[in-house]
Amino acid sequence: MSTLKDPRTLFEAIEPPAQIQEEPGLETEATPVPDIGLDSYVGHGRLKGRKALITGGDSGIGAAVAIAYAREGADVAISYLPSEQKDADRVIKAIEDAGQKALALPGDLIELEQCEKIVAETVKAFGGLDILVNNASRQRWQEKLTDITDEEFDKTMKANVYSSFRVTKAALPHLEPGSAILFTSSVNAYSPSPTLIDYGVTKAAMNNLAKGLSEQLVGDGIRVNCVAPGPVWTVLQPSHGQPQEKVQEFGRDTGLGRAGQPVEMAGAYVYLASDEASFVTGETIVAAGGGRMPF
Ligand code: NAD
Ligand code: MG
């Protein structure tokens, strides 16, 4: 019997109804609920004994990565905003059900103290840290550049760029040879949406940060890489991430003709964190369902 799975139909071509939530939104209240791999991800011990910290690990791509890492044998800490506790609870349970240690780290990464605290608490709880996934981000659409207030711009930079810089800076003294740092970029880094100007800038920054830092750390035996997803159905989109009409047709313009699901991103993050990627650093894996990105 054939085991082939057609990527066009492996996941449903979703047709989200009109919906809007306040930022950052609850994934468990999105329609349809994004697939973070709770019922499907199967681990193979690729991250046995590792200690991971994932920002934005309560929902979407970060949650799928958290579940995958735990099922691959890692202890996993997730950071998220306090309003997302309900989403985080499912992920914490899934990590524990996989037989691993879980750590819940609610708090706002716009604050420097919180960025430093999540690293310190992870190291304390797990006795170290060797995989850092910088994944938390906000995305708020605006029609025109002139609609973006200075405060909004600042908030996006702080939530996306400053948080990644600060968490990474706090983590570095704890990372030993063999450790891995990952950033979450986006196709917006290459081909920015005109209604996501500030967000696009922060995603290009993730690619750049990963490349520059990879050269700085390669001599220490620490690899730094990036994943750039295309349209993936998460609550980021209906919580002011896209205009309503774009939410309803989200992802239909990909080569595969459908949006991706968070669980479809997990494999790239597992690979880049694992020893299987021992010769890969300074790289970005684009997972976008088709459509070539510039080099
Ligand atoms: P998501 O909303 O499920 O996850 C984003 C998380 O970021 C939130 O759950 C929240 O916990 C965290 N966050 C935001 N602001 C924060 C703050 N100030 N302090 C602490 N945490 C904060 O959405 P997602 O789509 O899974 O997003 C994950 C990553 O994927 C983001 O970096 C996003 O830019 C990237 N991405 C998403 C898509 C997509 O289509 N969904 C495409 C490309 C890239
Ligand atoms: Mg969330």
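If you look the chain up in an unreviewed UniProt entry, it shows as SDR family oxidoreductase from Corynebacterium tapiri. Word for word, the UniProt comment on the chain under Sequence similarities (unreviewed entry) is "Belongs to the short-chain dehydrogenases/reductases (SDR) family."

Engineer: Go over unusual backbone geometry with me, naming the residues and quoting the values.
Structural biologist: The omega torsion across glutamate 23 and proline 24 is 5°, close enough to zero to call that bond cis. By the element assignment, proline 24 lies in the segment before strand 1 (51-55). Across the junction of threonine 31 and proline 32, the peptide omega takes the value -10°, indicating a cis bond. Note on placement: proline 32 falls in the segment before strand 1. Positive phi values are uncommon outside glycine, yet histidine 240 reaches one of about 75°. Within the secondary structure layout, histidine 240 lies in the loop between strand 6 (223-229) and helix 6 (244-248).

Engineer: Tell me about the pairing of strand 2 (residues 75-80), and please be specific about residues and values.
Structural biologist: Counting buried positions over the 6 residues of strand 2 gives 6, a clear majority of the element. Residues Asp75, Ala77 and Ser79 line one face of strand 2 and the alternating positions Val76, Ile78 and Tyr80 line the opposite face, and both faces are buried. When strand 1 meets strand 2, the two strands line up parallel, connected through 5 bridges. Of the residues in strand 2, the one forming a bridge with leucine 53 is alanine 77.

Engineer: Mind laying out the sheet that holds strand 4 (residues 131-134), listing which residues take part and the relevant values?
Structural biologist: Spatial ordering of the open sheet is given by 3-2-1-4-5-6-7, a layout of 7 strands whose pairing is parallel. Each of the sheet's edge strands pairs with one partner strand only, and the pair in question is strand 3 (102-106) and strand 7 (284-287). The sheet shows a mean angle of 15° between the axes of neighbouring strands, direction not considered.

Engineer: Describe the site of ligand 1, naming the residues involved and giving the relevant values.
Structural biologist: The full set close to ligand 1 counts 30 residues, and Ser59, Glu84, Asn135, Tyr199 and Thr234 are the nearest of them. Within the contact set of ligand 1, an oxygen atom lies 3.4 Å away from a backbone nitrogen or oxygen of glycine 60. Within the backbone of glycine 230, an N or O atom sits 3.4 Å from an oxygen atom of ligand 1. Starting from 810 Å² of accessible surface for ligand 1 in isolation, the protein chains cover 97%.

The rules we used
- Residues numbered from 1 in each chain as written.
- Chains lettered and ligands numbered in written order.
- Predicted model: local features only at pLDDT ≥ 70, side-chain atom pairs only at ≥ 80, totals over all residues.
- Heavy atoms only, no water.
- UniProt positions renumbered as here; feature names shortened; annotations may be inferred.
- Helix = DSSP H or I, 4+ residues; strand = E, 2+ residues; numbered from the N terminus.
- Buried < 20%, exposed > 50% of the residue type's maximum accessible area, 1.4 Å probe, protein only.
- Pairing = 2+ DSSP bridges.
- Axes fitted to C-alpha atoms, helices over the stretch in contact; angles between N-to-C directions.
- Near = heavy atom within 4 Å.
- Polar contact = N/O pair within 3.5 Å; in protein donor to acceptor, adjacent residues only side chain to side chain.
- Areas by Shrake-Rupley, 256 points an atom, 1.4 Å probe, with all protein chains shown as cover.

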